[in-house]
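Residue-level listing of the chains:
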Amino acid sequence: MLKTIITREFFNNILNLRFMIGLVLCVIITIACIMILVHDYRQELADYNLRVNLQDEFLDNYATFGRLFWLIPRQKPPERFRPLIIGISGDENVESFDNNPLPILFPPLDFLFIVTIIMSLLALLFSYDAVTGERQSGTLRLVIANSISRTKILLGKFIGGTASLLIPFILSLLVGALYVSINPSIQWDGAAWAEFLLLTLASITFITLFFLLGLMISTFSRYSATSILNCLFLWVLLILVIPNICPYISAQLYRIPSTKVIGMQEKVFKYNALKVMGQLREEIGKRFKSNYGKPFYELESMEFGGLLGECSPANLKAAQQRAEADPEFKTMINAFREELGEATLPIWRSIKENEDKLWEDLKKKAALQTKLAKNLACISPFANFAYVARDLTGTGLRSLEYFEHTNGEYESRFWKYGEKKMEDAREKNPAFEEESSFLDLSDRPRFMFKEESLRGKLNAVLPYWGILVLFNVVFFVAAFAGFMVYDVR
Amino acid sequence: MLKSIIRKEILNNLLSYKFSIIIILSTILILVSIFVMYRDYCLALDNYESIQSKSDYPHPIAIIRPTPLAIFAKGLEDNICRSHEGDDGEIKVSSKPQSLNNIFKLFTTPDLLYIIKVILSLCAMLFAFDIICGEKEIGTLRQSLSNSLKRPILIIGKWIGGFISFILPFFIAVLLGTIFVTLSPVVDINVQNWEKLGLFLLSSVLYLAIFFSLGLLISCLTHQSSSSLVISLFVWTIFVFLIPNLGNILARQLVRIPTVQQLELKRELNRSWLMIERNRADDSQHREIYNRFRAENDKHTEDYRNRLNRLAKVSQNITRFSPAAAFTFLATDIAGTGMTEERGLKSAVVLYFDILGDWDLEKWSQPGFSYQRFSYQSCSIKEVLYQGGLGNCLILILFNILFFAGAHVAFLRYDVR
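Residues numbered from 1 in each chain as written. Chains lettered and ligands numbered in written order. Predicted model: local features only at pLDDT ≥ 70, side-chain atom pairs only at ≥ 80, totals over all residues.

**Student:** Could you clarify how one ought to interpret the overall build of chain B in this entry?
**Tutor:** The number of helices and strands found in chain B is 15 helices and three strands. Seen through its C-alpha atoms, chain B measures out along the principal axes to roughly 100 × 50 × 35 Å. Buried residues in chain B amount to 49% of all 417 residues. In chain B, the proportion of contacts linking residues at least 24 apart, taken out of those at least 6 apart, comes to 84%. (Helix = DSSP H or I, 4+ residues; strand = E, 2+ residues; numbered from the N terminus. Buried ≥ 20, exposed ≤ 12 C-beta atoms within 10 Å, placed from the backbone. Contact = placed C-beta atoms within 7 Å.)

Written out as structure tokens, the structure is:
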């Protein structure tokens, strides 16, 4: 009997107008979306390759130790799931005066949009009248009059309805997968296809959740018109309102200073420290003037040992020649350098310590605020699904953190390599200058970004996936309870 | 007769379950949104004031005060309210207020603009989807038309009555929210802002009327409420989400533009080149090296900005096929958080640092160096309308006329049996 109900429900649905509309909408949007995103992905890949080449070329021709920090290659390649899901793009993480403002006004359209907006809406449209519609047309009474349990009816409706609902989704997904697999610019390995499969399963969990929500509301309503209004009311709250409001609520509950303010605090501290440093230099200078007299005035005229410790190559050469000719002058320079260094070192240290402390504090606070927002938003299935889909495909917050982590490791490796290279260069040439001498980095370690392992991703998404399953169970149990006491007249 | 139809329609709606649900939803959402965005505005204001109060910070900074209208339409406010500093021909911007909390990047800003654009437009369609076909199903339409009642009067009456009953709760909720905001001592709304708020609400009414008319048109084209509802939701998805979002991506295919990452990398490499060459060369060559650096930077910047402007134009033209996009452009421009304002501010910032001269950070840091503070006058309503606002306004009116005329024609040929 269950089979009969499933078959009846399935055919009833696929012969309906909403099925046709859902099918057309899903297939057209998915194909259009994937085609455009694949093209976009190709452009981003080309842009990434160009950036890597530019940086390599510069390092091969202009690398100096003084600029090494700014020249560490840290380019993030486009995510491999970019043809399906638009992640938090590299552009958004670059604070530039010339940022493109359009994506802020219109968030991009991708696979996540298809599942969270179109499929969830379609799921509600498939189930809002599953019980009320039959009650209003009188067929429910006839069915119940036979020797069939209510459990079987509800189960049949759920299975038949879900099966018909998933046809447009699976079909459009297959078309999308086919397009991705035949496209030469996209090369997915086994892990990527496994992630795609898991993404499909997570999407199905999300879609059935909304089907069950519609079914539940239908068992608690008498009329289809009321049921659809309640469904849309909840849909608006769960999809459009709660997830978007939660980050703002968390920002109010747990306040953090803005990066603007921290940056300003850092700059003001540095500015004041440099002022103190200038005063110290003047004091030392005064002492040297009284001790050494004319030779020190001569040294000062070369702008030697200025606040930034820099002087022009011509002056540097003149100072060196003068020091070689006059041992007393050399002693004076060395003594001045040493004293200045000893006096300013604690100030440089305090600047660095202050910088590190300010930003570390802010990062910790921001991480707490993000965690709070993430947990608050978990009451919406939309947020849970977004976390699962993004983290599984490496397009979410976790992938950003993972990139930062791998990038940090690479940076420290590169830094050690740079220091070693500079020591070698100094050994070969004692006149080697940090700021201007070319540093050969041809055998430098290259940055190769590797995706996080599937196991790691899966461990991270399982709690959120679990919440989605829990929503399914709760809605099914509620629908079951509602239908058990439903008045079919 | 028209009056009776309007009255009947209003009373019918007021007593319906649909009305209760929508009034609860819209009131809660609008009030929550205004409260949340008000708190967000207070945070932005705190940031602005703490930066302005750093009197011992010597470098010139270009920053503007957050506009209170961002509470209603945030748009590009985060971009607009960044602080700008000039450094060797480049403009450095500080991060956005909440930029370290990446979760903001995953979700949309829940401001009044979003509520109107997405949620209330859906409510408008829900109000109108069964106006004609619903009455046909229960048989009252046949009875109404069996009297000496002309079809145009009936449909006009239904439109006016239905729309008034829909728009009233919206106005009450916005009014309550606005009172709450204006009572706060933090928010300073001047006359121009009041005018802008009025225009924003007017454009919102125009926008919502489009979806109401569209719902009515679909109702006149279908014979069953369930079909009308499905088609309405389908069309709503296309107009509100699909065209604006897909259009934006499509524009990027038409206008090729390098990523900001590429632009910033080129600048960074160029800066490194400057530093290295400066250290290698004599003082006499510094000016020449610096000029080469500036010329190279200016070339990249000009090329990028030209492309970005073209992209913005193409994107605006494509997405305007959707009333949601036209409304977004219009509303954000009116609120002073849109593309027009952003463009204007960028030009003003570039001009400011150009006038300060030579882009020399060390010179600006000298104790005796005094400079004029950055000042910026946000676009007036006239400027907004002149720079594309009027076009967007006309698009909204055109959509209204088109959908209502369509509904009118369809109803004249409607089989009421």
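**Student:** Looking at this structure, how should I read the nonpolar core?
**Tutor:** For soluble globular proteins, the rule of thumb is that nonpolar side chains tend to be buried together. Ala124 and Phe212 of chain B are the most contacted members of the largest nonpolar core, which totals 198 residues. At 16 residues, helix 8 (residues 191-221) of chain B tops the list of elements feeding residues into this core. Apart from the residues lying within four places of it in its own chain, the contact partners of Ala124 of chain B are Phe166, Leu208, Phe211, Phe212 and Gly215 of chain B. Of all hydrophobic cores here, the second largest spans nine residues; its members include Phe65, Leu68 and Leu71 of chain A together with Leu265 of chain B. (Core = buried A, V, L, I, M, F, W, Y, C linked by C-beta atoms within 7 Å.)

**Student:** How do you make sense of helix 14 (residues 327-377) of chain A when you look at a structure like this?
**Tutor:** Count 3.6 residues to each turn of an α-helix, and residues three or four apart come out pointing the same way. All names here are of chain A. Taking 1.5 Å of rise per residue, 51 residues should cover 75 Å, and helix 14 covers 73 Å from first to last C-alpha, within 8% of that figure. The axis of helix 14 is deflected most strongly, by about 35°, at Thr344, and proline Pro346 appears within four residues downstream. Along helix 14, the residues that are buried comprise Ile333, Phe336, Thr344, Ala366, Gln369, Thr370, Ala373, Lys374 and Ala377. (Expected span 1.5 Å × (residues − 1). Bend = angle between axes of the 7 residues up to and from the residue.)

**Student:** Is there a simple way to think about the domain arrangement of chain A in this case?
**Tutor:** In many analyses, interface size is given as the accessible surface area lost on bringing the parts together. For chain A, the domain assignment lists domain 1 (2-253 + 380-484) and domain 2 (259-368). Averaged C-alpha coordinates put domain 1 of chain A and domain 2 of chain A at centres separated by 52 Å. (Domains from an automatic or database assignment.)

**Student:** So what exactly am I meant to see when it comes to the interface of chain B and chain A here?
**Tutor:** In this complex, chain B contributes 86 residues to the contact, which on the side of chain A involves 85 residues. Listing elements by their share of the side of chain B that touches chain A, those giving two or more residues are helix 2 (17-52), strand 3 (90-93), helix 4 (112-128), helix 9 (225-254), helix 10 (260-280), helix 11 (283-319), helix 12 (323-335) and helix 13 (339-356) of chain B. If you tally residues by element for the side of chain B that touches chain A, the top one is helix 9 of chain B, at 16 residues. Here the residues of the side of chain B that touches chain A are counted per class, giving 44 nonpolar, 27 polar and 15 charged. (Nonpolar A, V, L, I, M, F, W, Y, C, P; charged D, E, K, R; others polar.)

**Student:** How do you make sense of the environment of Ser228 of chain B when you look at a structure like this?
**Tutor:** Residue and element names in this part refer to chain B. Its place among the elements puts Ser228 in helix 9. Residue classification places Ser228 among the buried residues on the basis of 26 C-beta atoms within 10 Å. Between the C-alpha atom of Ser228 and that of Leu217, which follows or precedes it by eleven residues, the distance is 9.6 Å. Apart from residues lying up to four places away in sequence, Ser228 is in contact with Phe129, Asp130, Cys133, Ile218, Ser219 and Thr222.

**Student:** Would you mind going over the sheet that holds strand 3 of chain B with me for this structure?
**Tutor:** Residues and elements named next belong to chain B. Taking strand neighbours across the sheet as the criterion, the three strands line up as 1-2-3 in an open arrangement whose pairing is antiparallel. Unpaired on one side and paired on the other, strand 1 (61-62) and strand 3 mark the two borders of the sheet. As paired strands, strand 2 (residues 84-87) and strand 3 are joined by four bridges and run antiparallel to one another. In the strand pairing of strand 3, His84 is matched with Val93. (Pairing = 2+ DSSP bridges.)

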